[in-house]
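Summary of structural features
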Amino acid sequence: MSKFCILSNKALTLALTLAAGSVWAQAYPNKAVKLVVPFAPGGTTDIVARVIAEPLGRALGQSVVVENRAGGGGLVGAAETVKSAPDGYSLGMATVSTTASNPAINPKTPYNPLTDFTPIINIAATPNIIAVHPSFPAKNYPEFLAELKRNPGKYSYSSSGTGGIGHLQTELFKNLTRTFITHIPYRGAGPALNDTVAGQVQIIFDNLPSALPFIQQGRLVPIVVAAPQRLTVLPNVPTFKEVGLEPVNRMAYYGILGPKGLSKEVVDKISAGTRKALEDPAVRKRIEDTGSLIVANTPEQFVAQIKAEFEVYKGVVESAKLKLD
Ligand code: GLU
């Protein structure tokens, strides 16, 4: 009898746990979902997050609230996502800087990019670009390179932060071209663009979506892009590959991830909600108008992509012998 009671208590506990689990899963999300942008407003991470937040919220039936947590080249905001509860209410934007380049160069990265996140979906791939202030004495790539070669150390470049994609890719560019320009890191591409457009820094390495409006207004001059082929929006600008710098010809990605341990239900809901959002032609157009390609891959594909990108940046750090100052 007592044995029966123990068993049935266990069975009851199991049944209650399962019931609570399924009620919770059905109820998700029952309050607003936070989406952390680990950079300042005005950068590509912020742009993509703000395009997707509203239609994703509509698909989930709860609002998705974007919060900027800039600092440490993206590490501050990414670490906040790593430390948050794996309940699906604290998500973050996945960037190359936070999942690959910074962890590859910075031994003090407070997380492991391959084991501390649950990658959910890659939203878009974006080209990267080197652009200059209109006062810079070069309007195209050959002139730009010649000017840098003539004046080692005379110019500076801005980036979205130490250890970020802009920092590592420009250091790789310097290494391959044997040029020297000084790095000035910002809390995201937004503030980096502000200072470059104001002429305080002459050169910027940025992801295209945030730089493009300034280029279209003539406030920045495009020099060279990282993209599989020349861009329709910038037909006269060569790719890094064309100018003989294939290793720098890598795009950036912008996706959504959570802390490790997110349930499959949560991952599936965010993934399906994001895909639904990306089916809307108006949302697609807002992303594609920035020169980006919509990716919308599976969680498994995004996991593999982050792993591959981390390996690429470890290779970049090794081959160019890069170190943080
Ligand atoms: N440039 C991006 C921003 O400031 C972050 C860097 C990245 O794309 O990895 O939002």
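The paragraphs below set out a description of the structure included in this document. (Residues numbered from 1 in each chain as written. Predicted model: local features only at pLDDT ≥ 70, side-chain atom pairs only at ≥ 80, totals over all residues. Heavy atoms only, no water.)

**Let's talk about the packing of helix α6 (residues 165-177) against helix α11 (residues 299-319)**
In plain terms, the rule: Axes here mean lines fitted to C-alpha atoms, for a helix over just the part in contact, with angles spanning 0 to 180 degrees between N-to-C directions. Every helix listed is a DSSP run of H or I at least four residues long, and every strand listed is a run of E at least two residues long, numbered separately from the N terminus. Here roughly perpendicular refers to angles of 65 to 115 degrees, roughly parallel to angles under 35, roughly antiparallel to angles over 145, and oblique to all remaining angles. Helix crossings are classified by the rotation of the near helix relative to the far one: an anticlockwise turn of less than a right angle makes the crossing left-handed, while a clockwise turn makes it right-handed. Contacts are residue-level and defined by heavy atoms, with any inter-residue pair within 4.5 Å sufficient. Each residue gets one label: Ala, Val, Leu, Ile, Met, Phe, Trp, Tyr, Cys and Pro are nonpolar, Asp, Glu, Lys and Arg are charged, and the others, such as Gly, are polar.
For the pair α6 and α11, the least separation of the axes is 10 Å and the interaxial angle reads 45°. By the criterion of interaxial angle, the relationship of α6 to α11 is oblique. Regarding α6 and α11, the two cross each other, and that crossing is left-handed. Seen from α6, the contacting residues are I165, L168, Q169 and L172; seen from α11, they are Y313, V316 and V317. Along the lines of polarity and charge, the residues of the contact of α6 with α11 split into six nonpolar, one polar and no charged.

**With respect to the pattern of salt bridges**
Note the cut-off: We define a salt bridge as a contact between a side-chain nitrogen of Lys or Arg and a carboxyl oxygen of Asp or Glu at a distance within 4 Å. Burial classification: accessible surface area is computed with a 1.4 Å probe over protein chains only, and a residue below 20% of its type maximum counts as buried, one above 50% as exposed, and the rest as partly exposed.
Taken as a whole and assessed by the stated rule, the structure comprises 13 salt bridges. Between R50 and D46 there is a salt bridge whose closest N-O contact spans 2.9 Å. Taken together, the positions of R50 and D46, both in helix α2 (residues 44-60) and four residues apart, correspond to about one turn of that helix. On the accessibility criterion, D46 (7% relative accessible area) is buried.

**Notes on the sheet that holds strand β6 (residues 156-159)**
Sheet strands associate in pairs through backbone hydrogen bonding, adopting either a parallel or an antiparallel arrangement. Stated precisely, the cut-off is as follows: Paired strands, in this sense, are two strands between which DSSP finds at least two bridges.
Spatial ordering of the open sheet is given by β7-β6-β8-β5-β9, a layout of five strands whose pairing is mixed. The two strands at the open ends of the sheet, each matched to only one other strand, are β7 (182-185) and β9 (221-226). Averaged over all pairs of adjacent strands, the angle between strand axes in this sheet comes to 25°, irrespective of strand direction. Pairing between β6 and strand β8 (residues 203-207): two bridges, direction parallel. Paired with S158 across the bridge in β8 is I204. On the sheet, helix α7 (residues 189-197) packs against β6 and β8 and is oriented at approximately 150° with respect to β8.

**Some thoughts on the site of the ligand**
Let me state the cut-off plainly: Nearness is defined per residue: one heavy atom within 4 Å of the molecule or strand is enough. Think of a polar contact as two N or O atoms within 3.5 Å of one another; within protein, one of them needs to be a possible hydrogen donor and the other a possible acceptor, and neighboring residues in sequence only count if both atoms come from side chains. For every accessible area listed, the method is Shrake-Rupley and the probe measures 1.4 Å; residues are considered covered only by the protein chains on display.
As a matter of local geometry, the ligand sits amid 13 residues, with T45, S97, A189, N207 and Y254 nearest to it. Interatomic distance of 3.4 Å between a backbone N/O atom of T44 and an oxygen atom of the ligand. Between an oxygen atom of the ligand and a side-chain N or O atom of Y254, the distance comes to 2.3 Å. For the ligand, the protein covers 99% of the area, taking 300 Å² as the surface of the free molecule. Elements represented by at least two residues in the shell around the ligand include exactly α2 and α4 (96-105). Residues belonging to the shell around the ligand are distributed by class as follows: five nonpolar, eight polar and no charged.

**Looking at the nonpolar core**
Our working definition: Throughout, nonpolar core names a set of buried Ala, Val, Leu, Ile, Met, Phe, Trp, Tyr and Cys residues whose side chains join them through atoms within 4.5 Å.
Ranked by internal contacts, the top residues of the largest apolar core, which has 77 residues, are F144, I203 and I256. Grouped together as the second largest cluster of nonpolar side chains are 21 residues, Y186, L220, V237 and M251 included.

**Regarding the side chain of S101**
For S101, the position within the fold is in helix α4. With sequence-adjacent residues up to four places away left out, S101 is seen in contact with V96, G163, G164, I165, L168 and Y313.

**Here's the deal with the sheet that holds strand β2 (residues 64-68)**
In space, the six strands of this open sheet follow the order β2-β1-β3-β10-β4-β11, with mixed pairing throughout. Each edge of the open sheet carries a strand with a single partner, namely β2 and β11 (293-294). Here five bridges tie strand β1 (residues 33-37) to β2, and the two strands are oriented parallel to one another. From the neighbouring strand, K34 faces β2, where its bridge partner is V65. Packed onto the sheet, α11 meets β3 (90-95), β4 (117-126) and β10 (252-259) and runs at close to 80° relative to β4.

**Considerations on the pairing of β6**
Under the convention used in this document: Throughout, right-handed denotes a crossover for which the path from the first strand over the helix to the second runs clockwise when the strands point away from the viewer.
Of the two faces of β6, the one holding S156 and S158 and the one holding Y157 and S159 are both buried throughout. Traced from β6 through α6 to β7, the parallel crossover comes out right-handed.

**A look at helix α8 (residues 208-216)**
Within α8, seven of the nine residues are buried, which leaves it mostly tucked inside the rest of the structure. Residues of α8 that are buried include every one of L208, P209, S210, A211, L212, F214 and I215, and no others. Lining the buried residues of α8 we find α2, β4, β5 (128-132), α7, β8 and β9. Trailing α8 by a residue or two, G218 shows a phi angle of about 75°, which is positive.

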